[in-house]
Structure formats: C-alpha cells, structure tokens
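# Summary of the model geometry
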Amino acid sequence: MKTILLPAFVALGFLGALSVATTAGAAPKKLLVVSVTKGFRHESIPTAERTIEAIGKESGVYTVDFARTDEELQAKTTEKALAAYDGVFFVSTTGDLPLADRDAFLAWIAKGHAFLGMHAATDTFHGYRPFIAMIGGEFDYHKQQVRVEPKVEDPKHPAVRHLEAGFGVLDEIYIMKSFDKARVHVLLSVDKHPNTGEPGYFPLAWTRQEGKGRVFYTAFGHRDDVIEADWYKKHLLGGIRWALGVDGGR
Ligand SMILES: [Zn+2]
C-alpha cells in the first residue's frame, strides 16, 4: 500500500503548490465599499473602512474603492460603473440608499458578483423587500452590548474555520427577523437570547447564493475593538475570499 500511496501524496502536494501559486499570481479583485447611511450612523464606520482596505492590501486579494456620499453611490452603481467591480461591501449602511437602480443592482449580484454586509447592512432597505431577501435577514432590535460564545456551524468555511470552540466576543448583538434558515447557510449562531438567556435560534453570520452571486453577512462589527480584533479580520477576509470565489465552500 505504501508504494501506491506515496506517489499519490506527492502528486497532491504538487497540485496544492500549483493552485497556491496560481492564486498568488492572480490580479487583485476590486471591491466597492459602501458606507452611506440614511438612518443611524455607526461611529465605527471609518475603522471598518480602514480595516477592509488594510486586509485587502496585506493579502493582495483585492483593492477597494469607496462610496461615502449619495453622489458617489449613484455614480458608482450605474450598470456601466458596476462593471469595474467584482463585489460590493455594505459597511453598517442604514435606511433606503440612493443606488442608481436598485433592481439592476440586485440583478448584477445574481449574475455572479459578491455582496458582503457588516452589522447594520441588515438595517438597510426595510422598504425594499428584494434587498432583505437577497441579504437573507432583517435587523429587528438589539439590547445592551453583551458577550456571546457563538457556535461555529460550518468549521470548514474560510470565514470561521480559524475560530476555536468556545471563543467569545463582546459586541452589540442583533436580533433578526424575516430570517429563514432554509434560505441561508449559517456560519455562526447562538441558541439562547444573548441578553435574556431565553432559548431560541439567533443567527449571527451566514452565507447564501443569490443566483450565481455569493452573499456573506456578519452581524458582528458594532465596536471598534471587535473590528480591529485578529479573529474578526480573518472572519472578514475569509468571507471576502469566499464571496469573490477565491475560496470554495458553501
Ligand atoms: Zn450597532
């Protein structure tokens, strides 16, 4: 058996090295980072923008462009402008955003582009249900900040595989509505209400497919120290790599 297995391992090692080399040589992807708010505005948005830009630079996986004002968002989400991007990242956006064409925007994602959402991204477009269906859940409410120990539901996924069992995080924990577990692939959840302890199902990060597009959402990211934590940067980079199609998995 050993004589048969050995060449197989050598061949696998070679293929592994080849795929790594191919990834490293690939041109960086381009992400549009959107931080326009029409409701509550998080003070941690500049920290999130800086962090997303920095991990893109460090990893070489992607570069970023920003849409911070209504004018920038309108100009950068026309069909023509979107052609320059591989994905978009909604960073604690809130309210009804002035996209150039919101239906065309969702169609662009479904054609095979990445959508990433952080924290209040689910507090966005409450009046435009196709957006809520695309992101996979809707912010309902939160209570005071609290420490949770999320369950890692897919230990192989690039966004959470670095997390050890029993890891904990203090943040503002969102309670979702308009959530259907059958429509998403949950990565992190807790099985009791973060503040009251009442049993239930509370999803905190998930992925889903929107047509040929890949959607990643994490409810974490209210606090600066969460956004700057090593585990969270790996969580974001893993989610971004997956949504951009650099990594596999669901
Ligand atoms: Zn918040």
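Preceding this paragraph is the structure being described.
Below is a short write-up of the structure. (Residues numbered from 1 in each chain as written. Predicted model: local features only at pLDDT ≥ 70, side-chain atom pairs only at ≥ 80, totals over all residues. Heavy atoms only, no water.)

### Remarks on the packing of aromatic side chains
- Under the counting rule described, the total for this entry stands at 13 aromatic pairs.
- Ring centres of phenylalanine 90 and phenylalanine 131 lie 5.8 Å apart, and the angle between their planes is 20°; this geometry places the pair in the stacked category. Within this pair, whereas phenylalanine 90 is found in strand β3 (residues 87-91), its partner phenylalanine 131 is found in helix α6 (residues 129-135), the two being separated by 41 residues in sequence.
- Ring plane angle 90° and centroid distance 5.6 Å describe the contact between phenylalanine 220 and tryptophan 231, whose orientation is recorded as edge-to-face. In this pair, phenylalanine 220 sits in the loop between β12 (213-218) and α7 (224-227) while tryptophan 231 sits in helix α8 (residues 230-243), placing the two residues 11 residues apart along the sequence. (Phe/Tyr/Trp six-rings, centres within 6.5 Å; stacked < 30°, edge-to-face > 60°. Helix = DSSP H or I, 4+ residues; strand = E, 2+ residues; numbered from the N terminus.)

### Focus on the coordination of the zinc ion
- Summarising the metal site, the zinc ion is bound by the protein donors His42 (NE2), His119 (NE2), Glu172 (OE) and His222 (ND1), whose distances to it range over 2.0 to 2.1 Å.
- Geometry at the zinc ion is irregular, judged from its 4 donor atoms and the angles of 90 to 154° they form at the metal.
- The sequence motif formed by the donor residues of the zinc ion is H-x76-H-x52-E-x49-H. Remark: glutamate 172 occurs in the loop between β8 (169-171) and β9 (175-177) and histidine 119 occurs in the loop between β4 (114-118) and α6; sequence separation between them is 53 residues. Across this residue pair, the class does not change: histidine 119 and glutamate 172 are buried. (Donors = N, O, S within 2.8 Å, 3.2 Å for Na, K, Ca; no water. Tetrahedral: all angles 85-135°; square planar, octahedral: opposite > 155°, others 65-115°. Buried < 20%, exposed > 50% of the residue type's maximum accessible area, 1.4 Å probe, protein only.)

### Here we look at the sheet that holds β12
- Spatially, 8 strands are ordered β2-β1-β3-β4-β12-β11-β10-β7 in an open sheet, and the strand pairing comes out mixed. In this open sheet, the two strands that pair with only one neighbour each are β2 (62-67) and β7 (151-152).
- In this sheet, strand β11 (residues 199-210) lies alongside strand β10 (residues 185-192) in antiparallel orientation, the contact comprising 6 bridges. Counterpart to valine 186 in the pairing with β11 is tryptophan 206.
- The sheet contacts of helix α2 (residues 45-59) involve β1 (29-34), β2, β3 and β4, and relative to β2 the element is tilted by about 155°.
- Against the sheet, helix α5 (residues 102-110) contacts β3, β4, β11 and β12, and its axis sits at roughly 120° relative to β3. (Pairing = 2+ DSSP bridges. Contact = heavy atoms within 4.5 Å. Axes fitted to C-alpha atoms, helices over the stretch in contact; angles between N-to-C directions.)

### Concerning the side chain of histidine 222
- Its place among the elements puts histidine 222 in the loop between β12 and α7.
- The exposure class of histidine 222 is buried, given its relative accessible area of 17%.
- Within the structure, the side chain of histidine 222 is placed 3.2 Å from the side chain of histidine 42, a separation counted as a polar contact. (Polar contact = N/O pair within 3.5 Å; in protein donor to acceptor, adjacent residues only side chain to side chain.)

### Quick word on the environment of aspartate 101
- Mapping aspartate 101 onto the fold places it in the loop between β3 and α5.
- We classify aspartate 101 as partly exposed; its relative accessible area is 39%.
- At a separation of 3.2 Å, a polar atom in the side chain of aspartate 101 contacts the main-chain amide nitrogen of aspartate 103.

### Topic: the pairing of β11
- Hairpin connection, β10 to β11: the antiparallel pair is bridged by 6 residues, and glycine 197 has positive phi, about 80°.
- As paired elements, β11 and β12 share 6 bridges and run antiparallel to each other. Within β12, the residue paired with glutamine 209 across the bridge is arginine 214.
- Here β11 folds back onto β12, and the loop between the two strands holds 2 residues, one of which, glycine 211, carries a positive phi near 65°.

### A word on the environment of phenylalanine 131
- Classification of phenylalanine 131 by relative accessible area gives buried; the value is 1%.
- Sequence spacing of phenylalanine 131 and leucine 106 is 25 residues, and the spatial spacing of their C-alpha atoms is 7.3 Å.

### As for the pairing of β3
- The buried count for β3 comes to 5 of 5 residues, which makes it a mostly enclosed element.
- Here β3 shows a buried face lined by Gly87, Phe89 and Val91 and a second buried face lined by Val88 and Phe90.
- Inspection of the sheet shows β1 paired to β3 by 4 bridges, in the parallel sense. Paired with leucine 32 across the strands is valine 88, a residue of β3.
- Relative to β4, β3 runs parallel, the two being bridged by 5 bridges.

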